[in-house]
Amino acid sequence: MIINDILYGQAEINQPVLIELLQTPELQRLRQVGMGGYYPGSPYASGHRDYTRYRHSVGVMLLLRRFNAPLEEQIAGLIHDVSHSAFSHTIDYILREAEGEKTQNSQDRLHDNFVRRSSLAAIITRHGFNLEHILDESRFPLKENQLPDICADRIDYCLRAGVLSGDLTMNDKDIILERLVIHNGSFVFDNLNAATKFSRLFYHLNHNMWSGFASAVQFCVSALMFRRAIDISLLKLEDFYNRGDAEIIQIIEASGLQDKELAGYHQMLQNPPEYFCDNAEASLDRIFCKSRTVDPLVITASPKPQRVSELDSVYAAMIAGQPKFKEYHIGIRNN
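Once a new chain begins, its residue numbering starts again from 1 and follows that chain's sequence as written. Local features are withheld for residues below a pLDDT of 70 in this predicted model, meaning they are given only at 70 or higher, and side-chain atom pairs are given and counted only at 80 or more; totals for whole chains, interfaces and linings count all residues. To obtain the side-chain values, all non-hydrogen atoms of the structure were used and water was disregarded.

A. Structural context of the overall build of the chain. The helix and strand labels rest on DSSP assignments: H or I over at least four residues marks a helix, E over at least two residues marks a strand, and numbering proceeds from the N terminus. Scanning the chain for helices and strands turns up 18 helices and nine strands. Between the two quantities, the radius of gyration covers C-alpha atoms and the globule rule is 2.2 Å times the number of residues to the power 0.38. For 335 residues, the compact-globule estimate of 2.2 N^0.38 gives 20 Å, and the C-alpha radius of gyration of the chain, at 20 Å, lies within 12% of that figure. Along the three orthogonal principal directions, the C-alpha set of the chain runs to about 60 × 50 × 30 Å. Here's how the labels work: a residue is buried when its accessible area is under 20% of the maximum for its type, exposed when over 50%, partly exposed in between, all with a 1.4 Å probe on protein chains only. The proportion of buried residues among the 335 residues of the chain is 53%. When contacts within the chain are restricted to residue pairs at least 6 apart in sequence, those whose partners lie at least 24 apart make up 73%. For the area figures, the Shrake-Rupley method with a 1.4 Å probe applies, and any residue is considered shielded solely by the protein chains shown. Only carbon and sulfur atoms are counted for the fraction: they give 47% of the accessible area of the chain, which is about 14,400 Å². Asp and Glu count as negative and Lys and Arg as positive, but His and the ends of the chain are not part of the count. To locate a charge, take atom NZ for lysine, CZ for arginine, CG for aspartate or CD for glutamate. Within the chain, the 42 negative side-chain charges are centred at a point lying 1 Å from the centre of the 34 positive side-chain charges. Whether two residues are in contact is decided by their heavy atoms, any of which lying within 4.5 Å being enough.

See below:
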């Protein structure tokens, strides 16, 4: 199997277990699940074919392959997002759990059981792999670890978002990838310039995309729309785990817009972020957005790797006191 990826180029996949997993309905559904959610008026709306949970999942696997990670870890990387609902982290706002909004970890909480109940489990075990090991995240620090360190998951979604949004040139993408190395079982950089490029890109995307105002609007208003669709029995919660983004929207637009409240939220989402404000007095709803900060390790002449913030005082000032989540009161601007 040949895969062409916008970040990593062409790769040949010849391991039967990976080929079979890639063809499962569970992985294929992720082609229809955008990374960002649903907000046509946002400059970061997720509609690009390379900005899907499928492309990201494959990208994590390809990045691990690039660094000769064990096949077990490549499998874990490929399936790590398979339990995402339609519209990705929007599910945390549909479920309306403040702690879930702050951490955006709904899919992480159900991932283990989802995989066990899916066709993936039988494929993994039939090919001689231990499912318990595959599901044990602590075994795979290249795939996943704790902030502020970097891992294949964070590296891929940052570079993918940067390239597709135009915030990262392909040349700078290559510089970043070429200066990644593995040290003590984790990803680090061997060059401060590359580490700084990545860290500042991540900072920019976090503030302008993942935890920015446009994303807060999207999470708030689209969740109100989706919850209304569930309340009037147009949709069921399980639909978000069985269908893709476009199919959900087609159901709403085909059968739901006669409901005045639902139609109102749908119409709101056709407006740009400037249509909205962050104002407690005019708030449609109060929400929280997870905020992420990386501070990668860099190999230098020092005996031990150092954080970017230890080597770059400007970046240290940028990330000082960064919150783990942001609070918004989303309303409609009056002017």
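B. Looking closely at helix α10 (residues 152-165). Between its terminal C-alpha atoms α10 stretches 20 Å, which fits the 20 Å expected from 14 residues at 1.5 Å a residue. Counting buried positions along α10 gives 12 out of 14 residues, so the element sits mostly inside the fold. Ala152, Asp153, Arg154, Ile155, Asp156, Tyr157, Cys158, Leu159, Arg160, Ala161, Gly162 and Val163 are the residues of α10 that are buried. Where α10 is buried, its residues touch β1 (2-5), α3 (53-66), α11 (170-178), β3 (180-183), β4 (186-189) and α12 (192-210). The span one expects for a helix is its residue count, reduced by one, times 1.5 Å.

C. Representation of the pattern of salt bridges. The salt bridge definition used is simple: a Lys or Arg side-chain nitrogen within 4 Å of an Asp or Glu carboxyl oxygen. Under the defined criterion, the tally for this structure stands at 24 salt bridges. The partner of arginine 109 in a salt bridge is glutamate 97, and the shortest N-O contact between them spans 3.1 Å. Here glutamate 97 lies in the loop between α5 (90-94) and α6 (98-103) and arginine 109 lies in helix α7 (residues 106-117), a separation of 12 residues in the sequence. Note on arginine 109: relative accessible area 47%, which makes it partly exposed. In this structure glutamate 97 comes out as partly exposed when scored by relative accessible area, which is 34%. The shortest N-O distance in the salt bridge between aspartate 156 and arginine 160 comes to 3.0 Å. Separated by four residues within a single helix, aspartate 156 and arginine 160 lie in helix α10, roughly one turn from each other. Here aspartate 156 and arginine 160 have matching classes, each one buried.

D. Representation of the sheet that holds strand β5 (residues 276-278) in the model. Taken in spatial order, the three strands of this open sheet run β5-β9-β6, and their pairing is antiparallel. The open sheet has two edge strands with one neighbour each: β5 and β6 (283-290). Neighbour-to-neighbour, the strand axes of the sheet open up by a mean angle of 35°, direction not taken into account. A pair of strands is considered paired only if DSSP assigns at least 2 bridges between the two. Pairing geometry for β6 and strand β9 (residues 325-332), over seven bridges, is antiparallel. By the bridge assignment for β9, phenylalanine 288 is matched with glutamate 327. Interaxial angles span 0 to 180 degrees and are taken between N-to-C directions of axes, which are lines fitted to C-alpha atoms, for helices over the stretch in contact.

E. Fine view of the nonpolar core. One finds Leu21, Leu78, Ile79, Leu159, Phe187, Phe198 and Trp210 to be the most contacted residues of the largest nonpolar core, which totals 67 residues. What isoleucine 79 contacts, discounting residues up to four positions off in sequence, is Leu21, Leu27, His111, Val115, Leu120, Ile124 and Ile134. Only buried residues count toward a nonpolar core, which is a set of Ala, Val, Leu, Ile, Met, Phe, Trp, Tyr and Cys residues joined through side-chain atoms within 4.5 Å. Membership of the second largest hydrophobic core comes to 32 residues, among which are Phe87, Met225, Tyr241 and Leu262.

F. Highlighting the layout of surface pockets. Using a 1 Å grid laid over the protein atoms alone, points where a 1.4 Å probe fits but cannot get out form a cavity; open sets with protein on both sides within 12 Å along at least 5 of 7 lines form a pocket; any residue with an atom within 4 Å of a point counts as lining. Grid points are joined across faces, edges and corners, and a volume is the space filled by probe spheres set on the points. Computed from the structure, the largest pocket encloses a volume of approximately 1,200 Å³. Surrounding the largest pocket, 50 residues form its lining, Asp108, Glu144, Asp153, Lys290 and Arg292 being those nearest its centre. When contributions to the lining of the largest pocket are tallied by element, the ones reaching two or more residues are α3, α4 (71-79), α6, α7, α9 (131-135), α10, α12 and α13 (213-231). Side-chain classes follow a simple rule in which Ala, Val, Leu, Ile, Met, Phe, Trp, Tyr, Cys and Pro form the nonpolar group, Asp, Glu, Lys and Arg form the charged group, and the remainder, Gly included, forms the polar group. Within the lining of the largest pocket, the residues separate by chemical class into 17 nonpolar, 19 polar and 14 charged.

G. Up close: the pairing of β4. Pairing of β3 with β4, which is carried by four bridges, proceeds in the antiparallel orientation. Considered in β4, the bridge of isoleucine 182 is made with phenylalanine 187.

H. The arrangement of the pairing of β1 in detail. By the alternation rule, side chains of β1 split into Ile3 and Asp5, which are all buried, and Ile2 and Asn4, of which none is buried. The pairing of β1 with strand β2 (residues 9-12) spans four bridges and is antiparallel. For isoleucine 2, the partnering residue across the bridge sits in β2 and is glutamate 12.

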